[in-house]
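Take a look at the letters that make up each chain.
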Amino acid sequence: MKMKLFLALAATALSAPAFADNHGHKHDASHSAMHKAHTEKMAKILADPSRAEDSKRDKYRHPAETFEFFRIHPDHKVGEYAPGGEWISRILGRYMDPGKFNGLYFSTTVFADEKTREGVKAGAAKFPDDVAKVTGRPATDYAAFTLDAIPEGAKGTFDRIIVMRMMHNLQRWNMADQEIKRMRDLLKDDGLLGIEQHRAKADAPYSYADGNKGYLREADVIKFMEVNGFELVAKSEINANPKDSANWPDGVWTLPPALRLKDVDKAQYEAIGESDRMTLLFKKRM
């Protein structure tokens, strides 16, 4: 029997208190200096002229603020789930220390056709080279694997994993339980998992917020993560967009960057901008 992956809950989840800092330590002069260095490094990366096209989306995606909220440091071991267009990879590939940035790809076992399975494997295989081309660093600085082929010794070694605008696909493809559990296995005992996701209205009917329109209800995502061994640490409105009514017949793809309707009411959708998004941080529950 096919199990529903997300529960339709009406209860509002409250964020838990944030940690003392990204490492759980008290603030002191050395920590402040380190934070300043990290902030300056990220600012330099985002201002790089080579990001001319990518930077057009920064005003919607707030990369510096989002990565800081996820408590990502260059010396953390970080996994980006389903890198896709690699917009984020082109930032974190520069930001992370050598050997610390990993692409985490779909478990190939969930796909019925061989072509899709081979495509996922090919994406993982070329990830290090793709990031290296952007950063100018050696491909050996990066790694990638599919979640059904986790390398020996990798479990319990990741400080952070991020899942960016992908939870709706995991739900509608009936693979969320499996993938989140495998990501949980990769995290250290104090590891954190960050989620950014297109956000449906809290009172949206489940028929609209089941993932097929790209939007999910925030309370459903939080409950799902709790059921799968996580605890909410904090949530942020960094990526909120109150202009998004989140009820488009053609789903989130009506808005930029997809603009599924092409020239139909294009100016209206461009004025709205990219989707309203929840930004959530979870810790692995022991």
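Reading guide: rules and limits
Residues numbered from 1 in each chain as written. Predicted model: local features only at pLDDT ≥ 70, side-chain atom pairs only at ≥ 80, totals over all residues. Heavy atoms only, no water. Helix = DSSP H or I, 4+ residues; strand = E, 2+ residues; numbered from the N terminus. Rg over C-alpha atoms; globule rule 2.2 N^0.38 Å. Contact = heavy atoms within 4.5 Å. Areas by Shrake-Rupley, 256 points an atom, 1.4 Å probe, with all protein chains shown as cover. Lys, Arg positive; Asp, Glu negative; His and termini not counted. Charge placed at Lys NZ, Arg CZ, Asp CG, Glu CD. Pairing = 2+ DSSP bridges. Axes fitted to C-alpha atoms, helices over the stretch in contact; angles between N-to-C directions. Salt bridge = Lys/Arg side-chain N within 4 Å of Asp/Glu carboxyl O. Buried < 20%, exposed > 50% of the residue type's maximum accessible area, 1.4 Å probe, protein only. Right-handed = clockwise from strand over helix to strand, strands pointing away. Polar contact = N/O pair within 3.5 Å; in protein donor to acceptor, adjacent residues only side chain to side chain. Phe/Tyr/Trp six-rings, centres within 6.5 Å; stacked < 30°, edge-to-face > 60°. Lys NZ or Arg CZ within 6 Å of the ring centre and 35° of its normal.

Peer 1: I keep staring at the overall build of the protein and nothing clicks. Help me out?
Peer 2: When helices and strands are counted, the protein shows nine helices and seven strands. Here the C-alpha radius of gyration of the protein, 19 Å, is about what a compact globule of 286 residues would show, namely 19 Å. For the protein, the spread of C-alpha atoms along the principal axes amounts to about 50 × 45 × 45 Å. Within the protein, counting contacts between residues at least 6 apart in sequence, those at least 24 apart form 77% of the total. Carbon and sulfur atoms make up 55% of the accessible area of the protein, which amounts to about 13,400 Å² in all. In the protein, 44 side chains carry a positive charge and 42 a negative one; their mean positions are 1 Å apart.

Peer 1: Just to check I follow, could you spell out the sheet that holds strand E5 (residues 187-198) for this structure?
Peer 2: Strand pairing in a sheet relies on backbone hydrogen bonds, with the paired strands running either antiparallel or parallel. Reading across from one edge, E3-E2-E1-E4-E5-E7-E6 is the order of the seven strands in this open sheet, with mixed pairing throughout. Each having just a single partner strand, strand E3 (142-146) and strand E6 (230-236) make up the two edges of the open sheet. Neighbouring strand axes in the sheet, compared pairwise and without regard to direction, differ in orientation by 20° on average. In the sheet, E6 pairs with strand E7 (residues 277-284) via six bridges, with the strands oriented antiparallel. Its bridge partner lying in E7, Lys 235 is registered against Leu 280. Sheet contacts for helix H5 (residues 114-135): strand E2 (101-105) and E3; angle to E3, the most-contacted strand, approximately 165°. Its contacts with the sheet put helix H7 (residues 176-186) on strand E1 (78-81), E2, E3, strand E4 (158-164), E5, E6 and E7, and the angle it makes with E5 is roughly 140°.

Peer 1: Whenever I open this one, the pattern of salt bridges confuses me. Can you help?
Peer 2: Close approach of charged atoms allows side chains of opposite charge to pair. Here the structure, examined in full by the defined rule, presents 19 salt bridges. Here Asp 58 makes a salt bridge to Arg 51, at a shortest N to O gap of 2.9 Å. For the pair Asp 58 and Arg 51, a shared accessibility class is recorded, and that class is buried. Through salt bridges with shared partners, one network takes in Arg 57, Arg 61, Arg 165, Glu 196, Glu 274 and Arg 277.

Peer 1: Please explain the pairing of E1 as it appears in this structure.
Peer 2: On any regular strand, side chains alternate: one points to one face of the sheet, the next to the other face. Alternating positions in E1 separate into two faces, Val 78 and Glu 80 on one and Gly 79 and Tyr 81 on the other, with burial throughout. In the sheet, E1 pairs with E2 via four bridges, with the strands oriented parallel. Within the sheet, the bridge partner assigned to Glu 80 lies in E2 and is Gly 103. Regarding topology, helix H4 (residues 89-95) serves as the crossover connection from E1 to the parallel E2, and that connection is right-handed. The pairing of E1 with E4 spans four bridges and is parallel. Counterpart to Glu 80 in the pairing with E4 is Ile 162.

Peer 1: Which parts of the structure should I look at to understand the environment of Ser 89?
Peer 2: Within the secondary structure layout, Ser 89 lies in helix H4. The sequence separation of Ser 89 and Ala 258 amounts to 169 residues, and the corresponding C-alpha distance is 20 Å. The contacts of Ser 89, once residues within four sequence positions are left out, are Glu 80, Pro 83, Phe 101, Phe 127 and Val 131. Of note is the side chain of Ser 89, whose polar atom sits 2.6 Å from the side chain of Glu 80.

Peer 1: Even after reading the chapter, I still don't get helix H8 (residues 218-227), so can you show me in this structure?
Peer 2: Because each turn of an α-helix spans 3.6 residues, side chains separated by three or four positions in sequence point in the same direction. Within H8, seven of the 10 residues are buried, which leaves it mostly tucked inside the rest of the structure. What H8 keeps buried is the set Glu 218, Ala 219, Asp 220, Val 221, Ile 222, Phe 224 and Met 225. Buried residues in H8 make contact with helix H6 (167-172), H7, E5, E6 and E7. Positive phi appears at Gly 229, one or two residues downstream of H8, with a value of about 90°.

Peer 1: Help me understand the pairing of E5 in this model?
Peer 2: Taken across its 12 residues, E5 has nine buried, putting it largely inside the fold. As paired elements, E4 and E5 share six bridges and run parallel to each other. Its bridge partner being in E5, Met 164 is matched across the sheet by Glu 196. Both E5 and E7 contribute to a ladder of seven bridges, which runs antiparallel. Across the sheet, residue His 198 finds its bridge partner in E7, namely Arg 277.

Peer 1: What is the right way to look at the packing of aromatic side chains in this model?
Peer 2: Two aromatic rings, taken as a pair, are described by how far apart their centres are and by the angle between their planes. Enumeration over the complete set of coordinates arrives at 11 aromatic pairs. Judged by centre distance (5.6 Å) and plane angle (75°), the ring pair of Phe 106 and Trp 173 falls under edge-to-face. With a gap of 67 residues between them, Phe 106 in the loop between E2 and H5 and Trp 173 in the loop between H6 and H7 connect regions that are remote in the sequence. Aromatic side chains Phe 111 and Trp 173 sit 6.4 Å apart centroid to centroid with 70° between the ring planes, which places their arrangement in the edge-to-face category. Highlighted residues: Phe 111 in the loop between E2 and H5 and Trp 173 in the loop between H6 and H7, separated in sequence by 62 residues. The partly exposed category is assigned to Trp 173, whose relative accessible area is 38%. Counting every residue linked through ring pairs, the aromatic cluster contains Tyr 81, Phe 106, Phe 111 and Trp 173. The aromatic ring of Tyr 95 is capped on one face by Lys 41, whose charged end is 5.4 Å from the ring centroid. Cation over ring: Arg 61 sits above Trp 87, and NZ or CZ is 5.0 Å from the ring centre.

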